Amino acid sequence: MSRDGDAFDMLLTEDRRFPPPEGFRERAVVSDPDVYEDAERDFQEYWAAWAEELDWFEPWHTVLEWTPPHAQWFLGGRLNVAYNCLDRHVNGPKRNQAALIWEGEPQDERRVYTYWDLHREVCQFANALKGLGVGRGDRVAIYLPMIPEAAIAMLACARIGAPHSVVFGGFSPESLGDRINDAGAKVLITADGGYRRGQVLPLKAAADKAMENCPTIEHCVCVARGFGLSKVSGVHMTGGRDHWYHDLIADASADCPPEPMDSEDVLYILYTSGTTGKPKGVVHHTGGYLTQVYATTKVVFDLQDDDVYWCSADVGWVTGHSYIVYGPLANGATVMMYEGAPDWPHRGRFWEICEKYGVTVFYTAPTAIRAFMKWGEAFPDQYDLSKLRLLGTVGEPINPEAWIWYHNVIGGGRCPIVDTWWQTETGAIMITPLPGVTATTPGSATLPFPGIEAKILNDEGEEADAGYLALTRPWPSMIRTIWGDDQRFKDTYWSKWPDTYFTGDGAKRDGDGNLWVLGRVDDVLNVAGHRIGTMEVESALVDHPAVAEAAVVGKTHDVKGESVASFVTLKDGIEGTDELVAELKQHVVDKIGAIARPETVIFTGALPKTRSGKIMRRLLRDIADGRAVGDTTTLADPEVVMSLKNRYEEEGKI
Ligand code: PRX
């Protein structure tokens, strides 16, 4: 979908407009369209006004220092993120309000933490981490399922100034180990396991495997997920290194003064895929990040005191960082958190949760919406969704059909939809409707958030109606660098045009000035809203002893957006059997994780290459999608493509 020009032309003929509904605008956090102009008058002042809503131990003396590509925000200011997410609510009327309502995948498991509860446990765990020798600046890796301890661990790190690196629980031991080593983490926090579709994922066993090759790890903390320790097979605690979370907490004091952090101290590192085989450690700092996640959560999700806010992402991704933990808690919201799958034990599980807890604001990914559509209206129709008042999407372009379905079936035709464009690197929402202001149009993320400047540029850096999406002015929550590799930071984002951030996305602008983000223009796939580098999958494939060469491209998928299609040449004398296909798929899962599993593996005698030896991925994408194959005149051997296409069709892989 993302690269298909026809589909995009269809999008642009979309002319339905949905202004903020009656009654919504009146109550909205922002309802005045002048907000854009006000912010434009002085964008630094605009952000400073938001920063003033946070609690600072020391005021800043300079709002922004911009020495491209390095920005510093709120210089001289000191604050603590955990203090802003917890203490200031505990010091006010919200102290006994639910901060986190958690439901496990088993329907009878629930835990509710008030702000005060959360504060207590975060302080205890922060002290426990200190007891393990973790101090300001030390990196802590977090490899947890969607349980409250994930948020607690992040906040505990923030409290003592230890940057965390959360690794999604679906990543393989090898991926986890690579991330731990790149960050030089001292402590790893994991759990015995977590539920997914009724199965227990053995996280501690995976962590043990990773730690075999992680010399910097001194301690590992293991949360007992709560299904009885004996039920999780393979949990082995290594004396001296491994500790049960509940034992550490039991002995820890709940008094832990927050570390006054510099606005430009590192808050966290989060690894994301790029165009090489090695993931990038995106570095986010403290003051600017918190300011923008705080502001965008409040305005984009129109947070009101009586809201029950649910973002269905995993904390392993940036959406979980910014819009489950830091943004909502900084706002004093009541946050819903769910551990498991949307179809377990039945396909109405999400709607059951919405009904049960009276969810009012719901934020999810287009891929999930397309799955819900496929499952049919009968599931949501069984539940009372009348408390919902605002819906959001993120992660990939949403097709208008899915948008309309979301609007009608889930939103009952009355809820505005905020289609939010942003990235791990931007830290917070950048392009989005404001639900009390913007007339939305299905498929468009509409306009930059106030204070943000985004443009569509061509290769020469000139403004165009169609081209690359670029961010042309610094923003508070922007990526500061790539951990340990500032050169890669400069090369990846800042080398295409002077002083301008290259997003890697293509975009167009319609007659109303709305932006339409089309998807990646680089070798990054978006599979079910997850970013996967084609080079990472290729490296995993060529790591297999049977493989000589591999090329990976995205193939259009009706639910996931894209799936992984791979073309593989085998070493001489090796036969491409069905068993080998299965083995190669599993090899990728073992190397990276299940999210990167190729859907198709096609063996070929040769890959289509230019005369200079570059693999022509464009042609492979055409083949994978069953389209007419584009221009082959630059190929060294055009025959390769035709035989590959025939082969692909014969094997019924389209
Ligand atoms: O291609 C864009 C797509 O997701 C990419 C960012 O992926 P990631 O860093 O994993 O962060 C995902 C969650 C913020 C972008 O470069 N993307 C994200 N949101 C949208 C989107 N594409 C179109 N519309 C969106 N709303």
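Whatever comes next refers back to the structure up there.
From a predicted model like this one, the values you see are computed outputs, not experimental measurements.

Engineer: Looking at this model, I keep getting lost on the overall build of the protein chain. Mind explaining?
Structural biologist: Of the regular secondary structure elements, the protein chain holds 21 helices and 30 strands. What you see for the protein chain is a C-alpha radius of gyration of 24 Å, in line with the 26 Å of a compact globule of 654 residues. For the protein chain, the C-alpha atoms occupy an extent of roughly 70 × 60 × 55 Å along the three principal directions. Sorting the 654 residues of the protein chain into buried and exposed places 63% on the buried side. Pairs at least 24 residues apart make up 72% of the contacts formed inside the protein chain by residues separated by at least 6 positions. Surface exposure of the protein chain reaches about 23600 Å², of which carbon and sulfur atoms provide 49%. Across the protein chain, the mean location of the 63 positive side-chain charges is 2 Å away from that of the 95 negative side-chain charges.

Engineer: Just checking my understanding: could you explain the site of the ligand for this structure?
Structural biologist: Neighbouring residues of the ligand: 16 residues in total, closest Asp419, Thr420, Thr424, Asp505 and Arg531. Gln423 is positioned with one of its side-chain polar atoms (N or O) 2.9 Å from an oxygen atom of the ligand. Taking Asp505, its side chain carries an N or O atom lying 2.6 Å from an oxygen atom of the ligand. Protein contact buries 96% of the 540 Å² of open area that the ligand shows by itself. Looking at the shell around the ligand, the elements that each hand over two or more residues are β20 (417-420) and β25 (515-520). Its residues assigned to classes, the shell around the ligand comprises five nonpolar, six polar and five charged.

Engineer: Would you mind showing me how to read the sheet that holds strand β18 (residues 361-364) here?
Structural biologist: Two modes of strand pairing occur in sheets, parallel and antiparallel, and in both the strands are linked by backbone hydrogen bonds. Taken in spatial order, the seven strands of this open sheet run β5-β4-β17-β16-β18-β19-β20, and their pairing is mixed. The open sheet is flanked by β5 (110-114) and β20, the only strands paired with a single partner. Within this sheet the neighbouring strands show an average axis-to-axis angle of 15°, counted without direction. Sheet analysis places strand β16 (residues 308-311) next to strand β17 (residues 334-338), joined by three bridges and oriented parallel. Across the sheet, residue Trp310 finds its bridge partner in β17, namely Met336. Across the sheet, helix α6 (residues 115-131) is in contact with β4 (98-103) and β5; its angle to β5 comes to roughly 90°.

Engineer: In this structure, what is going on with the environment of Asp192? I would like to understand it.
Structural biologist: Tracing the backbone through its elements, the reader meets Asp192 in the loop between β8 (187-191) and β9 (194-196). With relative accessibility at 1%, the residue Asp192 sits in the buried group. Sequence separation between Asp192 and Cys222 is 30 residues; the distance between their C-alpha atoms is 6.4 Å.

Engineer: What should I look at first to understand the pairing of strand β30 (residues 600-603) in this one?
Structural biologist: For a regular strand, side chains alternate in direction, first toward one face of the sheet and then toward the other. Here β30 shows a buried face lined by Thr600 and Ile602 and a second buried face lined by Val601 and Phe603. Two elements, strand β29 (residues 561-570) and β30, share four bridges in a ladder whose sense is parallel. Bridging from a neighbouring strand, Val568 pairs with Phe603 of β30. Once you follow β29 into helix α19 (residues 578-591) and on to β30, the crossover reads as right-handed.

Engineer: Looking at this structure, I do not really get the packing of helix α4 (residues 43-51) against helix α11 (residues 287-300). What am I missing?
Structural biologist: To characterise two packed helices, one gives the angle between the axes of the helices and the distance between these axes. Packing of α4 against α11 leaves a shortest axis separation of 9 Å and a crossing angle of 85°. Classified by the angle their axes make, α4 and α11 are roughly perpendicular. For the pair α4 and α11, the contacting residues are Trp47, Trp50 and Ala51 in the first and Thr291, Gln292, Tyr294, Ala295, Lys298 and Val299 in the second. Residues belonging to the contact of α4 with α11 are distributed by class as follows: six nonpolar, two polar and one charged.

Engineer: I'm lost on the side chain of Asp208 in this one. Help?
Structural biologist: With respect to the helices, strands and loops of the structure, Asp208 is situated in helix α9 (residues 203-211). When its relative accessible area of 15% is taken as the criterion, Asp208 is described as buried. Beyond its immediate chain neighbours, meaning those up to four positions away, Asp208 contacts His236, Arg241 and Asp242.

Engineer: Mind showing me how you'd approach helix α17 (residues 486-494) here?
Structural biologist: Buried residues of α17: Arg488, Phe489, Tyr493 and Trp494, and no others. Next to the buried residues of α17 lie β1 (62-67), β2 (70-75), β15 (280-285), β23 (481-482) and β24 (501-509).

Engineer: I tried to follow the packing of helix α5 (residues 81-90) against helix α7 (residues 148-160) on my own but got confused; where do I start?
Structural biologist: Their axes nearest at 7 Å, the elements α5 and α7 cross at an angle of 115°. Contacts from Val81, Ala82, Tyr83, Cys85, Leu86 and Asp87 in α5 reach Leu155, Ala158 and Arg159 in α7. Its residues assigned to classes, the contact of α5 with α7 comprises seven nonpolar, no polar and two charged.

Engineer: Explanation requested: the packing of aromatic side chains in the structure shown.
Structural biologist: Tallying each qualifying case throughout the model produces 41 aromatic pairs. Between Trp351 and Phe362, the ring centres sit 5.6 Å apart and the planes meet at 75°, which makes this aromatic pair edge-to-face. Taken together, the positions of Trp351 in helix α13 (residues 349-357) and Phe362 in strand β18 put the pair 11 residues apart, joining distant regions of the chain. Using a relative accessible area of 1% as the deciding quantity, one classes Trp351 as buried.

Engineer: Whenever I open this one, the sheet that holds β15 confuses me. Can you help?
Structural biologist: Spatial strand order, β12-β11-β8-β6-β7-β14-β15-β23: eight strands in an open sheet with mixed pairing. Looking at which strands have only one partner, the edges of the open sheet turn out to be β12 (242-244) and β23. Where β8 and strand β11 (residues 219-223) come together, five bridges link them in parallel fashion. In the sheet register, Thr190 faces β11, and the bridge partner there is Cys222. Contacts from α9 reach β6 (140-143), β8, β11 and β12 within the one sheet, and its direction differs from that of β8 by about 155°.

Criteria and thresholds
Residues numbered from 1 in each chain as written. Predicted model: local features only at pLDDT ≥ 70, side-chain atom pairs only at ≥ 80, totals over all residues. Heavy atoms only, no water. Helix = DSSP H or I, 4+ residues; strand = E, 2+ residues; numbered from the N terminus. Rg over C-alpha atoms; globule rule 2.2 N^0.38 Å. Buried < 20%, exposed > 50% of the residue type's maximum accessible area, 1.4 Å probe, protein only. Contact = heavy atoms within 4.5 Å. Areas by Shrake-Rupley, 256 points an atom, 1.4 Å probe, with all protein chains shown as cover. Lys, Arg positive; Asp, Glu negative; His and termini not counted. Charge placed at Lys NZ, Arg CZ, Asp CG, Glu CD. Near = heavy atom within 4 Å. Polar contact = N/O pair within 3.5 Å; in protein donor to acceptor, adjacent residues only side chain to side chain. Nonpolar A, V, L, I, M, F, W, Y, C, P; charged D, E, K, R; others polar. Pairing = 2+ DSSP bridges. Axes fitted to C-alpha atoms, helices over the stretch in contact; angles between N-to-C directions. Right-handed = clockwise from strand over helix to strand, strands pointing away. Parallel < 35°, antiparallel > 145°, perpendicular 65-115°, else oblique. Phe/Tyr/Trp six-rings, centres within 6.5 Å; stacked < 30°, edge-to-face > 60°.

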